[in-house]
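Breakdown of the fold
Each chain is listed here by its residues.
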Amino acid sequence: MSDTHAQTVAFVRETTIPESPPPAAETGAIKWLRQNLFATPANSLLTVAALYVIWVVLSGSLPWIFGGLWTTTSLAECREILQGRTGACFSVLSERWNQLLYGFKYPADQYWRPNLAFLLLFFAAAPVLFFDLPRKMLIFTGLYPFLAYWLIWGGSLLVPIVALLGFLGGALVYQRFIKTSFAAGFFGGIAAAFVIWTVAGAIIPENASDNAMLSSVPSRDLGGFMLNMMLGVTCVSLSLPIGIALALGRQSDMPLIKWVCVVFIEFIRGVPLITLLFVASVMLSYFFPPESTVDLFLRVVIMITMFSSAYIAEVIRGGLAALPKGQYEGADSLGLDYPQAMQLIILPQALKISIPGIVNVAVGLFKDTTLVSVISMFDLVGMIRGPILASTEWNGVYWELLGFAALLFFVVCYGISQYSQWLERRLATDHR
Amino acid sequence: MAETAQMKVSDEVAITIQNMNKWYGAFHVLRDINLTVYQGERIVICGPSGSGKSTLIRCINALEEHQQGKIEVDGTVLSNDLKNIDKIRSEVGMCFQHFNLFPHLTILENCTLAPIWVRKTPKKEAEETAMHFLEKVKIPEQADKYPGQLSGGQQQRVAIARSLCMKPRIMLFDEPTSALDPEMIKEVLDTMIELAEEGMTMLCVTHEMGFARQVANRVIFMDQGQIVEQNEPEEFFNNPKSERTQLFLSQILGH
């Protein structure tokens, strides 16, 4: 530069150069095409090749989809009508619709119950997912698990009420004793809940479910996509708080807590989920008292929750590690105690960083609920592989059924992913 | 300027440190520190990097643990008891080199968080107090922004306001201007000078010698984890006694 301005080293700018519009050739659709699709010969070649692949896929699949039949009663009938023409046999979906959604044993006149539970799920989840909504709606969220249990399983209303009372009693004791010491509040609360459950459980008469308002449906009669949704929602919502607790426990200064968490996480992560599910279906009953028949659904929920909470714990630990030490010091220097610092400063930021990872685990977990089909629970995939494909009418209808299953899972998982992206934008305050 | 330096300091003791020692592993980082700070005193601590000056003031609010000796802040002895530590921390404000504002909260929320949760102040009252102190540091118009939207100097002034909202009796400053552009240093120093003139007890680790001359009643020079020299600023700068201090001052003021 010094050469060019050799004669004018002492330079002073007196006017500002005015802003001017970009050259005209930098805008327009043709410009966009040339820049993005046909920039170089190799680029043009790739564009053409990609267009060809798209054409092949669509020309194969579109006639199949739009030529599909919806009203036949068996695969043979489909073939008869199609006469060699391409076309899907979607009739299996319309004929077995209820089985795909609810399993093959859930009483057909009671389908409104899971439907209502599903509808209410949106109201229960809304205040948790969208925190601009009034906080009072969280009361309904708290009641929802008990309500949904009653709707889906039916039986005596006393069961969910006792369960709710146990939680409330535990929470009261916790609140009462937390001021004196954390341990007293924590273990006191758990003990109180168990006392209420045992005492009230003994009081509920054996035949309470016989003439209940909603007829009782045993867990083995649940099935279809409903079962996947139930497992997914329950396990994700349980494993997030447990995962947070494990992540914090792993960072604890108290060696006992720390090692319990480390051993739990490392053990669970080192075992395939399918093994845990076999343990749930076959072996877990050895750990319970001989007479107790712990429900298979509950056993599966425990195993999947343990599995995913170990993963979520590690994701959150990454978020905790990403926070600068100054945030801990800032919170400490203001006199916040440990629970306050975690709740107000550390976790909101660590969880925000962990959102993509948590969503990753949640989506994976939701899809992994199909693994319960190998322990003979008839979830969506279990229904397809079992009763439907094994039937004489529909033996051989793979694409339609598995495509439908894929579509259902895709819709839910894509929804979760879109929500998480919205959440990340909503929480972005760093203005980079 | 002269008046502030000679302002009468009360006889009430704010901080006592007796025979305090601290090690990082085998490294003896603070050696036999003895220091008494009176209410209303403004102390500047200076020294080469690694001399333990930051560690010293971080020991006062237990951000660092000391292994030997006794620290008493405002009548409370610093021990392993978490209740004592939280009590001291709520009485002692601290400003950091990197501000340590909470990026997920607005400026106002940063300022009201500790009063609401630690002091149990009603939200409205806490917000009024926060606005009062934000006005004092001259950025009330930024109250609804997030820390990431502010300049470094503004962030440090928010950090000062955030500490003041707890109505602390003592303020600690850990190199508050070291991470700032030269243009922003002045606005932070002005805020600190104003605070000093109101009689706040201040311990300040800084390399701003102009600030030390103007507001400090005592300058402490540390080297290798020990207090090497302490004196009134006039004497300290014009007539340093120890050779190490002379060398340090000649290097820092020489250019």
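Residues numbered from 1 in each chain as written. Chains lettered and ligands numbered in written order. Predicted model: local features only at pLDDT ≥ 70, side-chain atom pairs only at ≥ 80, totals over all residues. Heavy atoms only, no water.

**Things to note about the overall build of chain B**
Going by this rule: Helical segments are the DSSP runs of H or I of at least four residues, strand segments are the runs of E of at least two, and each set is numbered from the N terminus. Based on C-alpha atoms, the radius of gyration is set beside the globule rule, defined as 2.2 Å times the residue count to the power 0.38. Three labels apply to residues, based on accessible area from a 1.4 Å probe with only protein chains included: buried if under 20% of the type maximum, exposed if over 50%, partly exposed otherwise in between.
The number of helices and strands found in chain B is ten helices and ten strands. Over its C-alpha trace chain B gives a radius of gyration of 18 Å, about what one expects of a compact globule, namely 18 Å for 255 residues. Seen through its C-alpha atoms, chain B measures out along the principal axes to roughly 55 × 45 × 35 Å. Per-residue burial for chain B yields a buried fraction of 56% across its 255 residues.

**Some details on the interface of chain A and chain B**
As a measure of interface size, the accessible area lost when the parts come together is often cited. Rules: Contacts are assigned to residue pairs with any non-hydrogen atoms lying within 4.5 Å of each other. Buried area adds together the accessible area that both of two parts lose upon being put together, with accessible area traced by a 1.4 Å probe. For salt bridges, the criterion is a side-chain nitrogen of Lys or Arg within 4 Å of an Asp or Glu carboxyl oxygen.
Contacts between the two partners involve 21 residues from chain A and, on the opposite side, 25 residues from chain B. Taking both sides of the interface into account, the surface hidden between chain A and chain B amounts to around 2,000 Å²; carbon and sulfur atoms contribute 60%. Interface area lost by chain A to chain B is led by S333, L334 and T429 of chain A, which between them contribute 29%. Where chain A meets chain B, there are two salt bridges.

**Things to note about the nonpolar core**
All names here are of chain A. Short version of the rule: Working definition of a nonpolar core: buried Ala, Val, Leu, Ile, Met, Phe, Trp, Tyr and Cys residues. They are joined through side-chain atoms within 4.5 Å.
Grouped together as the largest cluster of nonpolar side chains are 99 residues, with contacts concentrated most on I345 and L401. The dominant element in this core, judged by the number of residues it contributes, is helix α15 (residues 338-368), at 14 residues. Ignoring sequence-local partners within four residues, the contact set of L401 consists of V92, L93, L100, I384, I388 and L389.

**Focus: unusual backbone geometry**
Residues apart from glycine generally show negative phi values, whereas peptide bonds are mostly found in trans. Located in the positive-phi region is Q83 of chain A, a residue other than glycine, with phi close to 50 degrees. By relative accessible area, which is 66% here, Q83 of chain A ends up exposed. For A62 of chain B, which is not glycine, the phi dihedral falls at a positive 65 degrees. Inspection of the secondary structure puts A62 of chain B in the loop between α2 (53-60) and β4 (68-73). On the accessibility criterion, A62 of chain B (17% relative accessible area) is buried.

**Quick look at the UniProt feature "transmembrane region" (unreviewed entry) in chain A**
All names here are of chain A. Note the cut-off: UniProt positions are given in the numbering used here, feature names are shortened, and annotations may be inferred rather than shown by experiment.
UniProt marks residues 45-66, 111-130, 150-174, 186-205, 225-248, 260-284, 296-316 and 396-416 with the feature "transmembrane region" (unreviewed entry), using the numbering shown here. Across residues 150-174, the secondary structure splits into 84% helix and 0% strand, with the terminal C-alpha atoms separated by 26 Å. Taken as a whole, residues 260-284 contains 84% helix and 0% strand, while its terminal C-alpha atoms sit 20 Å from one another.

**Quick word on the sheet that holds strand β8 (residues 201-205) of chain B**
Residue and element names in this part refer to chain B. Selection rule: Pairs of strands are assigned from DSSP output, requiring at least two bridges between the strands. For helices, the fitted axis covers only the stretch in contact; all axes are lines through C-alpha atoms, and the angles between them, taken along N-to-C directions, range from 0 to 180 degrees.
Strand order in this open sheet of six strands is β6-β7-β8-β3-β9-β10, and the pairing throughout is mixed. Two strands bound the open sheet, and with one partner strand each, they are β6 (92-95) and β10 (226-231). Averaged over neighbouring strand pairs, the angle between their axes works out to 20 degrees when direction is ignored. Bridge count for strand β3 (residues 42-46) against strand β9 (residues 218-223) is four bridges, and the pairing is parallel. Opposite I43, over in β9, you have R218 as the bridge partner. Docked against the sheet, helix α7 (residues 182-197) engages β3, β7 (170-174) and β8, running at close to 150 degrees with respect to β8. Across the sheet, helix α10 (residues 243-253) lies against β3, β9 and β10, angled at about 100 degrees from β9, the strand it touches most.

**Some remarks on the environment of L82 of chain B**
By the element assignment, L82 of chain B lies in helix α3 (residues 82-91). Along the chain, L82 of chain B and I43 of chain B lie 39 residues apart, while their C-alpha atoms are 27 Å from each other.

**Thoughts on the state of the cysteines**
So the rule is basically this: What counts as a disulfide here is a pair of cysteine sulfur atoms lying within 2.5 Å.
The full count for this structure, using the stated rule, is one disulfide over all chains. Paired by a disulfide, C78 of chain A and C89 of chain A hold their sulfur atoms 1.9 Å apart. The sign of the 80 degrees torsion about the S-S bond sets the C78 of chain A-C89 of chain A disulfide as right-handed. Of this pair, C78 of chain A sits in helix α3 (residues 75-82) while C89 of chain A sits in the loop between α3 and α4 (91-95), placing them eleven residues apart in sequence. Residue classification places C78 of chain A among the buried positions, given a relative accessible area of 1%. For C89 of chain A, a relative accessible area of 3% corresponds to the buried category. Left without a disulfide partner, C59 of chain B is nearest to the cysteine sulfur of C204 of chain B, which lies 17 Å away. Classification of C59 of chain B by relative accessible area gives buried; the value is 0%.

**Some points on helix α11 (residues 255-269) of chain A**
All names here are of chain A. For clarity, the cut-off: An expected span of 1.5 Å times one less than the residue number is assigned to each helix. Directions drawn from the helix axis to the C-beta atoms are what define this arc.
Taking 1.5 Å of rise per residue, 15 residues should cover 21 Å, and α11 covers 21 Å from first to last C-alpha, within 8% of that figure. Residues of α11 that are buried include every one of C261, V262, I265 and I268, and no others. The arc that holds the buried residues of α11, viewed along the axis, is 150 degrees, so those residues lie on one side. Seen from the buried face of α11, the exposed residues on the opposite side, beyond 90 degrees, are P255, L256, W259, V260, V263 and F267. Next to the buried residues of α11 lie α10 (224-250), α12 (273-283) and α13 (296-322).

**Let's talk about the pairing of β3 of chain B**
Remember that side chains alternate between the two faces of the sheet whenever the strand is regular. Residues and elements named next belong to chain B. In terms of burial, β3 is a largely internal element, five of the five residues being buried. The two faces of β3 match: R42, V44 and C46 on one face and I43 and I45 on the other face are all buried. Where β3 meets β8, four bridges bridge the pair, whose relative direction is parallel. Looking at β8, one finds that V44 is bridged to C204.

**A short note on the sheet that holds β4 of chain B**
Residue and element names in this part refer to chain B. Pairing is antiparallel across the open sheet formed by four strands, whose spatial order is β2-β1-β4-β5. Two strands lie at the open edges of the sheet, namely β2 (27-38) and β5 (76-77), each paired on one side alone. Alignment of β4 against β5, held across two bridges, turns out to be antiparallel. Looking at the pairing, E72 lines up with V77 of β5. Together, β1 (13-24), β2 and β4 form the strand contacts of α2, whose direction differs from that of β1 by roughly 120 degrees.

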